[in-house]
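# Observations on the model geometry
Here's the letter readout for the chains.
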Amino acid sequence: MDKERRLWIALAFVMSISFAVLGYYGYQIYQQAPPIPDRIVTPDQQTVFTGEEIKDGQNIWQSMGGQEVGSVWGHGAYVAPDWTADWLHRESLFILNKHAHKEFHKEYNALNLEQQAVLKIRLQKDVRKNTYDPKTRITTLSQDRAEAIAYLSAYYKGLFMDDPQFDKLRNDYAIPKMSIKDPERMRRMNGFFFWATWATVTERPDSRVSYTHNWPSEELVANVVTPDLLIWSGVSIIILLIAIGLLVYNHVLSGKDDELETPVEDPLLREGMAPSILHVKKYFLIVSLLIVLQVLMGIITAHYGVEGNGFYGLPLDQFLPYAVTRTWHTQLAIFWIATAWLATVLYIAPAVGGNDPKFQVIGVNFLFCALLVIVLGSMAGQWMGIMQKLNLIQNFWFGHQGFEYVDLGRFWQVFLLVGLFLWLALMVRPLLPILRRKTEEKNLIVMFLISCTAIAMFYGAGLMWGRRTNLAIAEYWRWWFVHLWVEGFFEVFATVVIAFLFVRLGLLKTKTATTNVIFSTVIFLSGGMADLTLRKKTREVKL
Ligand code: HEM
């Protein structure tokens, strides 16, 4: 069996195994996600939050920028705190202080170690116990926790609305006054913060670890790292070292390629000059503008880290807050990188084929307009979402989804997916005649087509959650998007495109390029997907 054939089989093997494992852990996450109860009640059956209010609260947090303002379960931005870690710590101290005052007439921190230990164990027994009843779908709180919720709800209301005593903290966190404008929205967002925090400390049924696998670390409530996590982290590092060793070994064994002859003339001059190629030029102009805008947003975002409420004294946070600049900064990176690659392929495909299929020019121009509408429309929607100008349904469709890298509203996502399939059609058509010719380049072009199809298809992972989906499940699919699409298939695609260009430039032999492309794809995908799988394992979840 020749080398290329063996590599194709290895690729098929890696893909099947990895997706099977991913599917298995996906199934587990659906089964084990922290439940959203129908009601959370006090010991005397007073409803504190309903399930619908918690789901609304999640949508309100998303509309404010979600993971672009602090983080939840560790996913998100850095300037503001992780709200679940923050809530957990403040809730623990509130309950500990309450008991310390009642029993010892002192603050918890002023107690001796034995006194602290007694109170801590009492707290741990309270908050780690899973009081969700799957039959009634009700979670019952202790009196202490109900009081802690009232206390923390007032605290977060002051912070996210306009209590002057939090001016300094808002500046530190780069959160403008009145980030949330309506007290009822604030109440529901507190419901979501409580539920998400509940999942970080409540033990899963028949288990001693919390739904988030004891994350965040919080010694007061015995959220400590588990042996499982240490073992899997160790295993990942060992696998990484072994794999690097194997790659070096393979490289040493593979020997040197035959020398290539230097081309007598510029090989690109031989390429066909299809009319649509000229129309692709404007894509690169837009890419350059998007890079400038992205870096500008990065600079403003960085500045908010030191002056959270303005820009050299200008009250910039009133109309361009940190949540907006950070969202645009991260999203524009995806937009310009994707546009640059799409344009490269729109340039190469007709050049290789030598002519334009019917309507290619119209397609290239239509796609360009669609991309502009998506970039500008999604950015405008995100601004409106963060400024709290949309209701929750409008926000989901046109505003801010609050998930880092998938911040754009669902309508823009679907529009982009359609655009990606249009792009796929535009690049497949000029290449089909070459495929039929069965030249030496065939395998490289097949790989090229596979990677382009994956780019179009896997963007769809970002559509797998809905507006009311449990955060744990939405996060599973977001990881598909970030790791399989952005880090996985875009990497494969980049390698294929670059190899292809090198062959065209006469710098690489077709056979060398093809085998190396398939080989590196096996490495990317086994490495990338094993990484995803190990994360899922750690999340075994964590959920
Ligand atoms: C002068 C140039 C740049 C500046 C000043 C800058 C600044 C920043 C700042 C301040 C953050 C937010 C950190 C936080 O508060 O959470 C950030 C995040 C980020 N930036 Fe940049 N950036 C620059 C260029 C770039 C470029 C060129 C890219 C990609 C092509 C990029 C990609 C990202 C990404 C992906 C994040 C999110 C990181 C995360 O959440 O872990 N940045 N950048």
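Everything numeric here is computed off the predicted structure, so don't read it as measured data. (Residues numbered from 1 in each chain as written. Predicted model: local features only at pLDDT ≥ 70, side-chain atom pairs only at ≥ 80, totals over all residues.)

Another point: the overall build of the chain. Counting its regular elements, the chain contains 16 helices and eight strands. Taking 24 Å as the expected radius of gyration for a compact globule of 543 residues, we find that the chain reaches 27 Å, a close match to that expectation. Overall size of the chain, expressed as C-alpha extent along the three principal axes, is 90 × 50 × 45 Å. In the chain, 73% of the contacts between residues at least 6 apart in sequence involve partners at least 24 apart. (Helix = DSSP H or I, 4+ residues; strand = E, 2+ residues; numbered from the N terminus. Rg over C-alpha atoms; globule rule 2.2 N^0.38 Å. Contact = placed C-beta atoms within 7 Å.)

Once that is clear, we can look at the environment of Trp 336. Checked against the element boundaries, Trp 336 lands in helix 10 (residues 322–353). When the C-alpha positions of Trp 336 and Tyr 283 are compared, they lie 9.5 Å apart, and in sequence the two are 53 residues distant. Residues in contact with Trp 336, not counting those within four places in the same chain, are Val 287, Leu 290, Ile 291 and Gln 294.

You can read the domains of the chain as domain 1 (35–225), domain 2 (269–437) and domain 3 (441–533). Relative placement of domain 1 and domain 3: their C-alpha centres are 39 Å apart. Listed as interface residues are six residues of domain 1 and, on the opposing side, five residues of domain 3. Looking at which element gives the most residues to the side of domain 1 that touches domain 3, the answer is helix 2 (residues 51–63), with three residues. Taken together, the residues that form the side of domain 1 that touches domain 3 break down as two nonpolar, three polar and one charged. (Domains from an automatic or database assignment. Nonpolar A, V, L, I, M, F, W, Y, C, P; charged D, E, K, R; others polar.)

Before going further, it helps to spend a moment on helix 5 (residues 143–160). Think of an α-helix as turning once every 3.6 residues; residues three or four places apart then point the same way. When the terminal C-alpha atoms of helix 5 are compared, their 26 Å separation across 18 residues agrees well with the 26 Å that a helix rising 1.5 Å per residue should span. When helix 5 is considered as a whole, its buried residues turn out to be Arg 145, Ala 148, Ile 149, Tyr 156, Leu 159 and Phe 160. Projection of helix 5 onto a plane perpendicular to its axis shows the buried side chains occupying an angular sector of 105°, all on one side. Of the exposed residues in helix 5, those oriented more than 90 degrees away from the buried face are Gln 143 and Ala 154. In this structure, the buried residues of helix 5 make contact with strand 2 (47–50), helix 3 (83–104), helix 4 (113–128), helix 6 (167–173) and helix 7 (183–201). (Expected span 1.5 Å × (residues − 1). Buried ≥ 20, exposed ≤ 12 C-beta atoms within 10 Å, placed from the backbone. Arc of directions from axis to C-beta.)

Bringing unusual backbone geometry into the picture now. Pro 216 follows Trp 215 through a cis peptide bond whose omega is 0°. The residue Pro 216 is located in the loop between helix 7 and helix 8 (227–254) in this model. Even without a glycine there, the phi angle at Trp 73 is positive, about 55°. Positive phi values are uncommon outside glycine, yet Ala 174 reaches one of about 55°. Residue Ala 174 is classed as buried on the basis of its C-beta count, with 26 C-beta atoms lying within 10 Å.

Further remarks concern the site of the ligand. Taken together, 13 residues lie near the ligand, and Ala 77, Tyr 78, Gly 298, Ala 302 and Ala 333 sit nearest. Elements that contribute at least two residues to the shell around the ligand include exactly helix 9 (275–304) and helix 10. The element contributing the most residues to the shell around the ligand is helix 9, with five residues. Counting the residues that make up the shell around the ligand, at least three belong to each of domain 1 (35–225) and domain 2 (269–437). (Near = placed C-beta within 6 Å.)

Take the sheet that holds strand 1 (residues 39–41) next. Strand order in the open sheet formed by four strands is 2-1-6-5, and the pairing between neighbours is mixed. Sheet topology places strand 2 and strand 5 (132–133) at the edges, where each strand pairs with a single neighbour. Here three bridges tie strand 1 to strand 6 (residues 138–140), and the two strands are oriented parallel to one another. Its bridge partner lying in strand 6, Arg 39 is registered against Ile 138. (Pairing = 2+ DSSP bridges.)

Okay, the packing of helix 10 against helix 11 (residues 360–386) next. Axis angle and axis distance: for two packed helices, these are the angle between their axes and the distance between the axes, and together they describe the pair. Remark: helix 10 packs on helix 11, axes separated minimally by 10 Å, with the N-to-C direction vectors making an angle of 175°. The angle between helix 10 and helix 11 falls in the class roughly antiparallel. Counting all contacts with helix 10, which are made through Ala 323, Val 324, Thr 327, Trp 328, Phe 335, Thr 339, Leu 346 and Pro 350, the residues of helix 11 involved are Gln 360, Val 364, Leu 371, Val 375, Met 379, Gln 382, Trp 383 and Ile 386. The residue makeup of the contact of helix 10 with helix 11, split by class, is 12 nonpolar, four polar and no charged. (Axes fitted to C-alpha atoms, helices over the stretch in contact; angles between N-to-C directions. Parallel < 35°, antiparallel > 145°, perpendicular 65-115°, else oblique.)

At a minimum axis distance of 10 Å, the contact between helix 3 and helix 4 shows a crossing angle of 130°. Looking at the two axes, helix 3 sits oblique to helix 4. In the crossing of helix 3 with helix 4, the sense of the turn from one axis to the other is right-handed. Contacts from Ser 92, Ile 95, Leu 96, His 99, Ala 100 and Phe 104 of helix 3 reach helix 4 at Gln 115, Leu 119, Arg 122 and Leu 123. Grouping the constituent residues of the contact of helix 3 with helix 4 by class yields six nonpolar, three polar and one charged. (Left-handed = near helix turned anticlockwise from the far one by under 90°.)

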